[in-house]
Amino acid sequence: MTEHPVPAPVVPPLVRPRRLRTTPALRRMVAEQQVQARQLVLPVFIREGLTEPKPVSSMPGVVQHTRDSLLAAVSEAAELGLGGVMLFGVPETKDATGSGALDPSGVLNLAITDVVAEVGDALTVMSDLCLDEFTDHGHCGVLTADGRVDNDQTLAAYADMARAQAHAGVDMVGPSGMMDGQVRVIRDALDAFEHTDVGILAYSAKYASAFFGPFREAVDSSLVGDRRTYQQDPANAREGVREALLDVAEGADMVMVKPALPYLDVVRRVREAVEVPVAAYNVSGEYAQLEAAAERGWIDREAAILETLTSIHRAGADVILTYWASEAARLLAEISAELGELSAEKDEVEMEWLGAAEALETSMIHSLAGLIDEGGINRTRPFREPHHTASMAAIVG
Ligand code: PBG
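Residues numbered from 1 in each chain as written. Predicted model: local features only at pLDDT ≥ 70, side-chain atom pairs only at ≥ 80, totals over all residues. Heavy atoms only, no water.

**Topic: the site of the ligand**
Selection criterion: The criterion for a residue being near a molecule or strand is simple. One of its heavy atoms has to lie within 4 Å of it. We define a polar contact as two N or O atoms separated by no more than 3.5 Å, with the added condition that, inside protein, one atom must be a possible hydrogen donor and the other a possible acceptor, whereas residues neighbouring each other in sequence contribute only through side-chain atom pairs. The protein chains shown are the only cover counted for residues, whose accessible areas, like all others here, come from Shrake-Rupley with a 1.4 Å probe. Residue polarity is assigned by list, with Asp, Glu, Lys and Arg as charged and Ala, Val, Leu, Ile, Met, Phe, Trp, Tyr, Cys and Pro as nonpolar; anything else, Gly included, falls into the polar class.
Residues in contact with the ligand amount to 17 residues; listed here are only the nearest, Asp-132, Arg-216, Lys-258, Ser-284 and Tyr-323. Taking Lys-206, its side chain carries an N or O atom lying 2.7 Å from an oxygen atom of the ligand. Tyr-323 places a polar side-chain atom, nitrogen or oxygen, 2.6 Å from an oxygen atom of the ligand. For the ligand, whose unbound accessible area comes to 400 Å², protein coverage reaches 100%. Here the shell around the ligand is composed, by residue class, of seven nonpolar, three polar and seven charged.

**Things to note about the packing of aromatic side chains**
To keep it simple, the criterion reads: Each Phe, Tyr or Trp ring, with Trp reduced to its six-membered ring, pairs with another whose centre is within 6.5 Å; inter-plane angles below 30 degrees give stacked pairs, above 60 give edge-to-face pairs, and intermediate values give tilted ones. Only DSSP runs of H or I reaching four residues or more are called helices, and only runs of E reaching two or more are called strands; each is numbered from the N terminus. Each residue is assigned to one of three classes by its accessible area relative to the maximum for its type, calculated with a 1.4 Å probe on protein chains only: buried under 20%, partly exposed between the two thresholds, exposed over 50%. Each ring is checked for a lysine NZ or an arginine CZ that lies within 6 Å of its centre and within 35 degrees of its normal; such an atom marks a charge sitting over the ring.
All chains considered together, the criterion is met by nine aromatic pairs. Ring plane angle 65° and centroid distance 5.6 Å describe the contact between Phe-45 and Phe-215, whose orientation is recorded as edge-to-face. Separated by 170 residues along the polypeptide, Phe-45 in strand S1 (residues 40-47) and Phe-215 in helix H6 (residues 213-218) bring together distant segments of the chain. Overall, the relative accessible area of 1% leaves Phe-45 in the buried class. On the basis of relative accessibility, which here comes to 10%, the residue Phe-215 falls in the buried class. On the basis of an interplanar angle of 50° and a centroid distance of 6.3 Å, the ring pair of Tyr-203 and Tyr-281 is categorised as tilted. Taken together, the residues Tyr-203 in strand S7 (residues 199-206) and Tyr-281 in strand S9 (residues 278-282) connect sequence positions 78 residues apart. Tyr-203 sits in the buried class, given a relative accessible area of 1%. Members of the aromatic cluster, connected to one another through ring pairs, are Phe-45, Phe-88, Tyr-203, Phe-215, Tyr-281, Tyr-287, Tyr-323 and Trp-324. The residue whose ring lies beneath Lys-206 is Phe-212, and the NZ or CZ to ring-centre distance is 5.5 Å. Above the face of the Phe-212 ring, Lys-258 is positioned so that its terminal group lies 4.9 Å from the ring centre.

**Considering the nonpolar core**
Grouped burial of nonpolar side chains is what soluble globular proteins tend to show. Defined as follows: Among buried residues, those of type Ala, Val, Leu, Ile, Met, Phe, Trp, Tyr and Cys that are joined through side-chain atoms within 4.5 Å constitute a nonpolar core. Note on definitions: a residue-residue contact is assigned when non-hydrogen atoms from the two residues lie within 4.5 Å.
Val-85, Leu-87, Val-115 and Val-270 are the most contacted members of the largest nonpolar core, which has 104 residues in total. In terms of residue count, helix H4 (residues 151-168) provides more of this core than any other element does, seven residues in total. Filtering out sequence-adjacent residues up to four positions away, Val-115 remains in contact with Leu-70, Leu-71, Val-74, Val-85, Leu-87, Gly-120 and Val-125.

**Examining unusual backbone geometry**
Residue Lys-258 is joined to Pro-259 through a cis peptide bond whose omega torsion reads -10°. Looking at the secondary structure, you find Pro-259 in the loop between strand S8 (254-258) and helix H8 (264-273). In the Ramachandran plot, Met-178 falls in the positive-phi region, its phi being about 60° despite a non-glycine side chain. Structurally, Met-178 can be placed in the loop between strand S6 (172-175) and helix H5 (182-192). Overall, Met-178 belongs to the buried group, its relative accessible area being 7%. Notably, Glu-194 is not glycine yet its phi reads approximately 60°, a positive angle. Mapped onto the elements, Glu-194 comes out in the loop between H5 and S7.

**Considerations on the pattern of salt bridges**
The test is simple: Salt bridge criterion: a side-chain nitrogen from Lys or Arg within 4 Å of a carboxyl oxygen from Asp or Glu.
Counted according to the given criterion, the structure contains 13 salt bridges. Glu-272 serves as the salt-bridge partner of Arg-268, at 3.2 Å between the closest nitrogen and oxygen. Here Glu-272 and Arg-268 lie together in helix H8, a separation of four residues that amounts to about one turn. One salt bridge in this structure joins Asp-318 and Arg-271, with 2.5 Å as the shortest N-O distance. Of the two residues, Asp-318 sits in the loop between helix H10 (301-315) and strand S10 (319-322) while Arg-271 sits in helix H8, which places them 47 residues apart along the sequence.

**Things to note about helix H3 (residues 107-119)**
Given 3.6 residues per turn, any residue in an α-helix points the same way as the ones three and four places further on. As a reminder, the rule being used: The span one expects for a helix is its residue count, reduced by one, times 1.5 Å.
For H3, built from 13 residues, the straight-helix expectation of 18 Å at 1.5 Å per residue is met to within 8% by its first-to-last C-alpha distance of 18 Å. Listed in full, the buried residues belonging to H3 are Val-107, Leu-108, Asn-109, Ala-111, Ile-112, Asp-114, Val-115 and Val-119. Packed against the buried residues of H3 are S1, helix H2 (67-79), strand S4 (84-90), strand S5 (124-129) and H4. Residue Gly-120 follows H3 closely and has a positive phi angle near 55°.

**Observations concerning a nonpolar patch on the surface**
The condition is simple: For patches, a residue must show more than 30% relative accessible area and have no salt bridge; joins then use 9 Å for like charges and 5 Å for nonpolar side chains, namely Val, Leu, Ile, Met, Phe, Trp and Tyr.
Nonpolar side chains collect at one region of the surface, where Leu-20, Met-29 and Val-30 lie side by side and expose about 300 Å² of accessible area between them. Turning to its location among the elements, Val-30 is positioned in helix H1 (residues 24-30).

Structure below.
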């Protein structure tokens, strides 16, 4: 008679994947990938005419910068070892053609020069190349008389904007307007003015996404309506690959998929289709939803941030633009410090072993010396390692 029910017999597993998850060291050893600070790019907003940094309410922790706070943020980014920064300018006045974007003393162009002077070569300084922050209608291009976005007229403006940003000293421009042929026109304009070293990070597969919502506040967007005649339909992944291939053919140095999380399949497909580095933009709406849930205590904020970035990296992004870039770099540094402590503990254990081994060696040498004294062993032959011979010689005398 049994008091405890006998457990039902089970078939023991033939394979136990859990074995590789047993200890932190083992998990660390077999981790397939790990995003690093050098792969993160911090997007920053500089607003003309501010005296104090202005919080963006839909993106807790993100501000529109003054010139000073911008320089502080980028030098912190440099200290943390980030890959780069992406600059967005918010002008005080806008017009139909977005002329502030082309003006050498416009807010974005001045910020480029400032930031480059501040961080030098420590960061890749990138700038948004698009008219939407500068147009009073909020579209990424100039409009035809009947209100449509005029692709080829816009290209001419992009060429001027590229030139202005290159003159200001930018390392890489980020055309984000989704006009056909934009990469080629920009490459041409840069080369014509001997800016052959200025790179192009093309926003290749940029979707007409609801996840850009909070960004519109960050740049005081005036947009009414949507961007569906130029940004892509969220239904189309194959078309995203097509756009990326076109941009590479037009001379893009890197291509980008944006947003990131709802388009990880596109990130993966683009990664497999091109040979240039692929970036993904972890956009404002992705940031805002996690921050909002964390604020309510509904999600473990730091773990969710790292898991988010890991997922984008795992999908195939070589570079990630994220508003968490600086914080994530700090978290990653903490993690590697913790893992360092783990190996420090291991070192102690190893030292103990070494001590024990030395004691053993000494006692062996003593007994060998005894044997030699008794004439039972040839003194030099068993010792091939010079230090053994030397220590034996010291003992045997
Ligand atoms: C356009 C631009 C946008 C974003 C980056 N560049 C907005 C848009 O296309 O509507 C969105 C970034 C984000 O949501 O974080 N210049």
